[in-house]
Amino acid sequence: MIELLLCAIQESQQPTWHNDIYPLMLSHCQECHDGHGAGPFELLTYESVSNRASFIVELLDAKLMPPWLPSQKGLPLQGERCMSEQQIELFKSWVSNGKLKGEGPEIIVCNEEPNTYKLSGQTNPQTPWIIPAESGIRWHEGVLDKRTFVLPIGNSGTVKANKVVYQTTAPQAVQMVGFVFDGSGQGVEVDNWDAEPGYEMMGDIGWVPSGVHGKIGPGSGGIHIPKGYYIEIPTESHLIAETHFRPTGKEEQLSSSVRIWETSESDARKLLPILTMIRRIVLEPEEQHAVEGESIQLEHDVDVVGITPRAGAECESMRLSATMPEGKEVILLDIQKWDPHYGETVFLESPVRLPMGSVITSRWVYNNSASNPRNPFNPSKNVDLARRTGIAHFILHSAAAESNDEEAILAWNLKLLRQRQRPTNNSNE
Ligand code: HEC
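Values in this document were obtained by computation on a predicted structure and should not be read as measured data.

The rules behind each value
- Residues numbered from 1 in each chain as written.
- Predicted model: local features only at pLDDT ≥ 70, side-chain atom pairs only at ≥ 80, totals over all residues.
- Axes fitted to C-alpha atoms, helices over the stretch in contact; angles between N-to-C directions.
- Helix = DSSP H or I, 4+ residues; strand = E, 2+ residues; numbered from the N terminus.
- Parallel < 35°, antiparallel > 145°, perpendicular 65-115°, else oblique.
- Left-handed = near helix turned anticlockwise from the far one by under 90°.
- Contact = placed C-beta atoms within 7 Å.
- Nonpolar A, V, L, I, M, F, W, Y, C, P; charged D, E, K, R; others polar.
- Domains from an automatic or database assignment.
- Pairing = 2+ DSSP bridges.
- Core = buried A, V, L, I, M, F, W, Y, C linked by C-beta atoms within 7 Å.
- Buried ≥ 20, exposed ≤ 12 C-beta atoms within 10 Å, placed from the backbone.

The next point concerns the packing of helix α4 (residues 53-61) against helix α5 (residues 85-96). Running from amino to carboxyl end, α4 crosses α5 at an angle of 155 degrees, the nearest separation of the two axes being 10 Å. As the angle between them shows, α4 and α5 are arranged roughly antiparallel. In the packing of α4 onto α5, the handedness of the crossing is left-handed. Residues A53, S54, V57 and L60 of α4 lie in contact with α5, whose contacting residues are I88, F91, K92 and V95. Looking at the contact of α4 with α5 residue by residue, the classes come out as 6 nonpolar, 1 polar and 1 charged.

Attention shifts here to the packing of helix α2 (residues 17-28) against α5. Packed helices, taken two at a time, are described by their axes: the angle between them and the distance between them. Axis separation between α2 and α5 bottoms out at 10 Å; the angle between their running directions is 130 degrees. Relative to α5, α2 is oriented oblique. Our pair here, α2 against α5, has a crossing hand that is left-handed. Counted together, D20, I21 and L24 of α2 and Q87, L90, F91 and W94 of α5 form the full contact between these two elements.

As a further point, take the domain arrangement of the protein chain. For the protein chain, the assigned domains are domain 1 (2-96), domain 2 (119-262) and domain 3 (272-419). On a C-alpha basis, the centroid separation for the pair domain 1 and domain 3 is 33 Å. Every contact between the two is made by 10 residues of domain 1 and, on the other side, 16 residues of domain 3. Its residues assigned to classes, the side of domain 1 that touches domain 3 comprises 6 nonpolar, 3 polar and 1 charged.

Moving on: the sheet that holds strand β22 (residues 359-366). Here we have 4 strands laid out as an open sheet, ordered β17-β22-β19-β20, and antiparallel in their pairing. Looking along the sheet, the strands with just one partner apiece sit at the ends: β17 (290-297) and β20 (329-335). Shown here is a sheet whose adjacent strand axes are inclined to one another by a mean of 15 degrees, direction ignored. Where strand β19 (residues 315-323) lies against β22, 8 bridges are found, and the strand directions are antiparallel. Considered in β22, the bridge of S317 is made with V365.

For the rest of this paragraph, the subject is unusual backbone geometry. In this model, M65 is joined to P66 through a cis peptide bond whose omega is -10 degrees. The topology assignment puts P66 in the loop between α4 and α5. Phi is positive for K63, which is not a glycine, with a value near 60 degrees. Locating K63 in the fold gives a position in the loop between α4 and α5. Although it is not a glycine, E236 sits at a positive phi angle of roughly 50 degrees.

In terms of nonpolar packing, the biggest core is built from 77 residues, with A161, L239, V302 and I307 touching the most fellow members. There are two domains that each give this core at least three residues, and those are domain 2 (119-262) and domain 3 (272-419). Residues within four places of V302 in sequence aside, it is in contact with I274, L354, S398, A399, A400, A401 and I409. The next biggest cluster of nonpolar side chains, apart from the first, holds 15 residues, and it includes I21, C32, L43 and I56.

Most of strand β10 (residues 229-233) is tucked away: 4 of the 5 residues are buried. Relative to β10, strand β6 (residues 159-168) runs antiparallel, the two being bridged by 3 bridges. For V159, the partnering residue across the bridge sits in β10 and is I233. The sheet contact formed by β10 and strand β14 (residues 269-270) spans 2 bridges and is parallel. Note that in β14 the partner of Y229 across the bridge is R269.

If you want it as structure tokens, here you go:
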């Protein structure tokens, strides 16, 4: 009798699909694995998950899924996607206990966005871009898995955007998109050079780096600016969308659309970009531990709200930190295993105030050897690249502590960008 009772208790404690695993899939995998998103298959049914269970365990252990680059060493971030050790253990114990199904209703996921957006735009759906089945063309000695598209927004005045939702017809092939809302007309001018949709160059507009208004990774589908802040979309804008692909083995037709929401908060604060970067990188073949970085000193008080990282595939790890005037150091963002395909904008759980005089330090570690699995060349080649807005950079999406300082902060950032433009012999710009 006692034995029976124990047995019953144990059974009720064993994880089941309905009680434990399905909710885990909904909270951590559904975003991309609902059958329509970035992931290669759906992971919301008992069959699809249990058939891949041991493979999933491997990916969870290796921290490859759900994709999330920042380590725990930096400040807490909004929407952290990584799974806790307990959640990983729960999944493993479900597998080792025989993948019990249990009983319960399937939860219906309701993802409808209310149509309250303020602005929208799209590429011409009549002329989609064809993403090739395989990568192969090399441009600037790299793999040409990117293209920049220009979406007309046509807003008659500036807009204080707090949400940008971006959709494409090829979610599995589009890995990452960096945004600039361009009111200067430069992007559309370049696009008009030929009849093809988009252009081969990066999505920087002059001194304005691609990603200045956010970068989205697979599945996230947009940028949600934290409450209390906004990005300013200039009048008569085009959205410049630097789009990185991951060929899926078959040709894909790509069209894109964007919807933009405006904040209703009257006291929301504007996000300004502060860039720290390396402008040029020179690496010998097989060079393994090249450390690059810079330090800049703040001339005004700012609140750092979000961070966008950039670096090439030869980069292994990166860190952004700040030392306050009284000596305290904070790690703002730390990425141990960099992958440019997942380099999306992250927002801090709570913004951090950096007073005037704080020193912001960036650091990238490069591995240009064949031992770096992401190195596009084996054997490795000489790397010599430069870019006006940084071959590697961090954009600190920051608000001025005093709104009177906004212009001065923008001018200071531009002055730094210009100072880094030292003469080089490099033509790759
Ligand atoms: C933000 C989007 C995103 C989320 C969230 C996500 N995945 Fe993925 N997943 C992808 C993409 C994109 C791929 C294909 C490319 C790749 O492997 O990077 C993928 C591939 C996979 C694969 C196949 C890997 C291979 O090598 O073929 C498995 C299995 C998988 N995901 C499981 C999961 C599980 C389990 C979760 C939740 C715990 C999850 N994923 C969450 C985007 C996501």
